[in-house]
Amino acid sequence: MKHFTSVHDIGNPDIALKEAFEIKQNVFKYNTLGKNKTLLAVFFNSSLRTRLSTQKAALNLGMNVIVLDVNQGAWKLETERGVVMDGDKSEHILEAIPVMGAYCDIIGLRSFAQFESKQDDYEEKILNQFINYSGKPVFSMEAATRHPLQSFADLITIEEYKKVERPKVVLSWAPHPRSLPQAVPNSFAEWMNATDYDFVITHPEGYELDPRFSGNARIEYNQEKAFEGADFIYAKNWAAYADPNYGKIISKDRAWTVDSAKMSLTNNAYFMHCLPVRRNMIVTDEVIESAQSIVIPEAANRVISAQVVLKKLLEDNYSEG
Ligand code: CP
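Residues numbered from 1 in each chain as written. Predicted model: local features only at pLDDT ≥ 70, side-chain atom pairs only at ≥ 80, totals over all residues. Heavy atoms only, no water.

Some thoughts on the nonpolar core
Put simply, the test is: Nonpolar core, defined: a set of buried Ala, Val, Leu, Ile, Met, Phe, Trp, Tyr and Cys residues in which side-chain atoms within 4.5 Å join the residues together. Any residue under 20% of the maximum accessible area for its type is buried, any over 50% is exposed, and the rest in between are partly exposed; the area is computed with a 1.4 Å probe on protein chains only. Going along the chain from the N terminus, every DSSP run of H or I of four or more residues is numbered as a helix, and every run of E of two or more is numbered as a strand. Segmentation into domains, and thus their bounds, comes from an automatic or database assignment. Residue contacts follow a heavy-atom distance rule, with two residues in contact if any of their heavy atoms lie within 4.5 Å.
Counting residues in each nonpolar core, the largest one holds 53 residues, and the members touching the most others are Phe139, Phe152, Phe199, Val309 and Leu310. Sorting elements by how many residues they give to this core places helix 13 (residues 295-318) first, with 8 residues. Taken together, domain 1 (7-146 + 302-318) and domain 2 (150-298) each give at least three residues to this core, which thus spans both. Valine 309 has contacts with Met1, Phe4, Ile10, Phe139, Leu149 and Phe152, leaving out every residue within four places of it along the chain. Counting 18 residues, the second-largest nonpolar core is a separate cluster that includes Val170, Phe227, Ile233 and Val283.

Below, the structure is given as structure tokens:
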């Protein structure tokens, strides 16, 4: 694995899961693999879980870690070629990226969709510039269209909690006051479609995801019907994907908030969310505080997914022999 940006880079998900459970049994088993290797974690956007879990995973592997918050203390970056740089942006990303690459061995990147150009977002312009110009292995810590470390942690969590071989997993849109990218639902759908689960997506009309991500999932516009018999409810908000509403909020309907009445329609389902979550918009206090809420173990598994990915990047790019 040269880079990690999606489920397609990890190989067979069953093998990746085996590796995850092996690491979870002893997170320090490979604590010299990253000796004298440096991770640079670059954040264009805010983070709590990704920032901490990725650093912890790198430390467990014996790596050194540097964190750069691009918008706090670094020069403002121009991303377009051909621009006369007479404004507030002091440095071009085409110099900044190879300079960052010179200071580290692996780069983690967080760069959200900007909702200015659907084409730029869905071509992963910033992520691909890091891949093309850093000269180092790059992994996504949530890019414009995917959040693969989150989805891998979600898969680990479902495997840990599932009571039947082929659980019914429901990805449910829920309301939010701000316009949020499709990266988490896209990526979750992509990873669920790589399994044999019974996978359903429910959302109001107009919130259809890019079919390249929703794939073979069953789409159900009636949320209550979708919840019937579910083993896992994965709630998330996202802004519209389809034109002409790309990046826009077209509903804040709180009838879609996940509450106890809806959870009672399920097969005593576990409640999941990637966090941070807006209580009583996405999910009620009662549901997120219930015994069926597994949002904390889900977040804890972010260390494991990051550690599997970093281990593979170290082994495939730096191990001798
Ligand atoms: N789930 C997740 O990626 O959380 P952060 O945005 O806090 O990193």
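There is more to say, and it comes next.
Observations concerning the pattern of salt bridges
Keep this limit in mind: Criterion for a salt bridge: a side-chain nitrogen of Lys or Arg within 4 Å of a carboxyl oxygen of Asp or Glu.
Under the definition given, this model contains 19 salt bridges. Between glutamate 160 and lysine 24 there is a salt bridge, with the nearest N and O atoms lying 2.7 Å from each other. In this pair, glutamate 160 sits in helix 7 (residues 148-161) while lysine 24 sits in helix 2 (residues 13-25), placing the two residues 136 residues apart along the sequence. Here arginine 110 ties to glutamate 142 by a salt bridge, and the two come within 3.5 Å at their closest N and O atoms. Residue arginine 110 is found in strand 5 (residues 106-110), and its partner glutamate 142 is found in the loop between strand 6 (138-140) and helix 7; the two are separated by 32 residues along the sequence.

Some thoughts on the site of the ligand
Condition: In these notes, residues near a molecule or strand are those with any non-hydrogen atom within 4 Å of it. Pairs of N or O atoms within 3.5 Å make up the polar contacts considered here, provided that, within protein, one atom can donate a hydrogen while the other can accept it, and that residues adjacent in sequence are counted only when both atoms are side-chain atoms. Areas reported as accessible are Shrake-Rupley estimates using a 1.4 Å probe. Residue values count occlusion only from the protein chains shown.
Near the ligand, the surroundings consist of Ser47, Leu48, Arg49, Thr50, Arg110, His147, Gln150, Cys274, Leu275 and Arg302. Cysteine 274 places a polar main-chain atom, nitrogen or oxygen, 3.0 Å from a nitrogen atom of the ligand. A total of 260 Å² of accessible area belongs to the ligand in isolation, and the protein chains cover 93% of it. Domain assignment of the residues forming the shell around the ligand places at least three in each of domain 1 (7-146 + 302-318) and domain 2 (150-298).

Considering the sheet that holds strand 6
What counts is decided by this rule: Here the rule is simple: two strands pair whenever DSSP picks up at least two bridges between them. Only the stretch in contact is used when fitting a helix axis, every axis being a line fitted to C-alpha atoms; angles between N-to-C directions are given from 0 to 180 degrees.
Reading across from one edge, 2-1-5-6 is the order of the 4 strands in this open sheet, with parallel pairing throughout. Sheet topology places strand 2 (64-69) and strand 6 at the edges, where each strand pairs with a single neighbour. Within the sheet, the average angular offset between the axes of one strand and its neighbour, ignoring direction, is 20 degrees. Two elements, strand 1 (residues 38-43) and strand 5, share 5 bridges in a ladder whose sense is parallel. The residue bridging leucine 39 from the neighbouring strand is isoleucine 106, located in strand 5. Helix 6 (residues 125-133) rests against strand 1, strand 5 and strand 6 of the sheet, and its axis sits at about 170 degrees to strand 5.

Remarks on the sheet that holds strand 10 (residues 232-236)
Spatially, 5 strands are ordered 9-8-7-10-11 in an open sheet, and the strand pairing comes out parallel. The open sheet has two edge strands with one neighbour each: strand 9 (218-220) and strand 11 (270-272). Looking at each pair of strands side by side, their axes are set apart by 25 degrees on average, direction ignored. Here 3 bridges tie strand 10 to strand 11, and the two strands are oriented parallel to one another. Opposite isoleucine 233, over in strand 11, you have phenylalanine 271 as the bridge partner. Where helix 8 (residues 183-193) meets the sheet, its contacts fall on strand 7 (168-173), strand 8 (198-202) and strand 10, and the angle it forms with strand 8 comes to roughly 160 degrees.

Description of unusual backbone geometry
Backbone geometry follows two general trends: most residues other than glycine have a negative phi, and most peptide bonds adopt the trans configuration. At the junction of aspartate 243 and proline 244, the peptide bond is cis and its omega measures out at 5 degrees in the coordinates. Its location among the elements puts proline 244 in the loop between strand 10 and helix 11 (260-263). Omega for the peptide link from leucine 275 to proline 276 comes to 5 degrees, which places this bond in the cis form. Locating proline 276 in the fold gives a position in the loop between strand 11 and helix 12 (285-288). In the Ramachandran plot, asparagine 36 falls in the positive-phi region, its phi being about 65 degrees despite a non-glycine side chain. The topology assignment puts asparagine 36 in the loop between helix 2 and strand 1. At asparagine 268, a position not held by glycine, the phi torsion is positive, near 50 degrees. Tracing the backbone through its elements, the reader meets asparagine 268 in the loop between helix 11 and strand 11. Residue asparagine 268 is classed as partly exposed on the basis of its relative accessible area of 48%.

By themselves these figures say nothing about function.
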